[in-house]
Every structure is written in C-alpha cells, then in structure tokens.
Amino acid sequence: MQIKFHGSRGSIPAPGIDTIKYGGNTSCVEFVSDEGQRIIIDAGTGIRKINRTQFNDKILLFFSHSHWDHLQGLPFFNQIFNPDARIEILLNARYYDGIKSDLLKQMSGKSFPIQFDSLPCDIKFIKIEEKYEIDSNLYVEVFENAHPGGSSAIKIVNKNKIFTFSTDNEISIMKERKTYDNFVKFCSNSTILAHDAQYLDAEMKNKKGWGHSSIQDVCDLLIESQIQTGFFTHHDPERTDDQIDDFENIIAEKISRSGRLTTLSGAREEDVIEI
Ligand SMILES: [Zn+2]
Ligand SMILES: [Zn+2]
C-alpha cells in the first residue's frame, strides 16, 4: 500500500517561508491499495495537488467531517469537472446528512460559482455503517472521534496491512467519555497510524474542548496501541517548521521511557510511504 500526504496543516492554510518543510495545505491524504484502489481522505486545500494524477478507476473520497479545512479544496479537485470520472463519497452514516448538505451548500453559487448539481462527473454518496467493504481485498471501518460537531476516524484494511487516520480528535475528551479504550482497540495493530497532534500538553488548558490532541497524548496512543510507525498531523497554522521539529524531543523522551520500538514523525506534504 502507498500513503501520500497532500496537506497536513490544521484549521487554515498556512503558506510561507516558515512552513515549507511540513507544508501549508489543509487536510488531504491519498491511500492506494496494493491492487491500485485509491481512497482520498478529506478534501482540504491539499487535494488540488492530486490533479496531476491519472485516474483509471473510480475515485473513493472519505470525509472525516465538514469543517472548512477538510472540504474547502473539493471545488478545486479537477476530477469533479471530468465527465468520465466516477466518484464515490464515503460518509459515516451518523454524519451522512450533515456532511452531504455542507458539500452541496459549499457549491450552491454563494461561495463558489459552479453548482454541485451541475457537475458533469458521476458522483454517488455512500453511507458507512461501521464497516464498508470495497472489494475482497479492501474494507474500511469508522470510529467516532471526540470533536465539536463530530468527526470520524477511518481504518483502511488492505489484506494484512492497515492504515488508520484520525484527525480532529481530542484524546483527553475520549478519556472523559470512556471511549478511549475502544479507540485503542480500533487503532491496535495498524501498520501505520496518522493522528492529529495540533497542540502540546502545555497548551491544552487554553484549548480544551477545541477538538484536537496533544503530541504527548498521541505518543501514549501509539504505545498503548502497539503501533510501530506513526505520523502526527493537523499541524497548528501558527507552528513553524522549527517548532514542529522540536516535537522530536518530547517524542523521544516519551517513547524511550516506554521501551518500545516506535517512531512518530510529523506528516509532511509530499511524504510518500510505501509498505
Ligand atoms: Zn481540522
Ligand atoms: Zn474540525
């Protein structure tokens, strides 16, 4: 399987000389299975960079939720203007109506000149009730994140390889709601986990309830889920490359104390991971 990060910034695009290394585009990750099926997660501004890709098959597009930084790139995804494109939008059944309506509203003429209903591509909306089988080698599962307005984590299982992506999720709230243990089970055995770490523990007292995790909580999640390879994403728009690099010290300390062989790195735009 292949994973490519096209946008790892949270909240709002943050282009500039201080954000070149990790990138300024908002949430978008592209997954390609061993058999070549592509699943795009979120349509933040990073999705525009997929426009150079050759699509030979249907395009699966999953939305974690419909905050702006996760859907504002959709009107600039060139495949929606391709009459030959087949796009299936996968949504957690729980948020199906809300996200669908937000996608339509975004292209209703007020915020963008082209209307969703007039798009020439073939777009279908699909509800995921916990699990959705794409083909005999590939299925996805969703899990409820802790985030204002709701958000979903997605686990993509491609035979014996697993990619789990959870952004816009506040682990400390999951602990209060007692959903954390099940979340650890959901993430366990992932080949790769990418998780929101917008903040540091020291910042959480002013950001509690905003729906994002601290890097320290993500370290613990990786350790408790026994995952070897993790990426943290949804970088705060105010965070410079140097400041994100400094997360390494916290990660090294937390992970060495656990005695586990785990790596946790900042997701960088254009990073490609092949497993
Ligand atoms: Zn976000
Ligand atoms: Zn959000």
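Refer to the preceding data block for the structure.
Glancing now at the pairing of strand β7 (residues 131-135). Relative to strand β8 (residues 138-144), β7 runs antiparallel, the two being bridged by four bridges. Residue pairing in the sheet places E133 in a bridge with Y139 of β8. Remark: two residues form the turn of the hairpin made by β7 and β8, two consecutive strands paired antiparallel.

Before going further, it helps to spend a moment on the packing of aromatic side chains. Overall, the coordinates contain eleven aromatic pairs when judged by the stated rule. Taking the centre distance of 5.4 Å and the plane angle of 40° together, the rings of F143 and F183 count as tilted. Within this pair, whereas F143 is found in strand β8, its partner F183 is found in helix α4 (residues 180-187), the two being separated by 40 residues in sequence. The two residues F143 and F183 agree in class, both being buried. Ring pairs connect the aromatic residues F31, F163 and F165, which therefore count as one cluster. Taking the ring centre of Y96 as reference, the NZ or CZ of K127 above it sits at 4.9 Å. A cation over an aromatic ring shows up here: K131 above the ring of Y139, its NZ or CZ 4.1 Å from the ring centre.

A four-donor tetrahedral metal ideally has 109.5 degree angles, and a six-donor octahedral metal ideally has angles of 90 or 180 degrees. Of the protein atoms, only D69 (OD), H70 (NE2), D168 (OD) and H234 (NE2) coordinate the zinc ion (ligand 1), at distances of 2.0 to 2.3 Å. Coordination geometry of the zinc ion (ligand 1): the four donor atoms subtend angles of 91 to 167° at the metal centre, consistent with an arrangement described as irregular. The sequence pattern formed by the donor residues of the zinc ion (ligand 1) is D-H-x97-D-x65-H. The distance between the zinc ion (ligand 1) and the zinc ion (ligand 2) comes to 3.6 Å, and D168 binds to both of them. One end of the pair, D69, is in helix α1 (residues 68-71); the other, D168, is in the loop between β10 (161-166) and α3 (171-177), with 99 residues separating them in the sequence. For D69, a relative accessible area of 5% translates into the label buried.

The rules behind these values
- Residues numbered from 1 in each chain as written.
- Chains lettered and ligands numbered in written order.
- Predicted model: local features only at pLDDT ≥ 70, side-chain atom pairs only at ≥ 80, totals over all residues.
- Heavy atoms only, no water.
- Pairing = 2+ DSSP bridges.
- Helix = DSSP H or I, 4+ residues; strand = E, 2+ residues; numbered from the N terminus.
- Phe/Tyr/Trp six-rings, centres within 6.5 Å; stacked < 30°, edge-to-face > 60°.
- Buried < 20%, exposed > 50% of the residue type's maximum accessible area, 1.4 Å probe, protein only.
- Lys NZ or Arg CZ within 6 Å of the ring centre and 35° of its normal.
- Donors = N, O, S within 2.8 Å, 3.2 Å for Na, K, Ca; no water.
- Tetrahedral: all angles 85-135°; square planar, octahedral: opposite > 155°, others 65-115°.

All quantities given are derived from atomic positions and should not be read as evidence of function.
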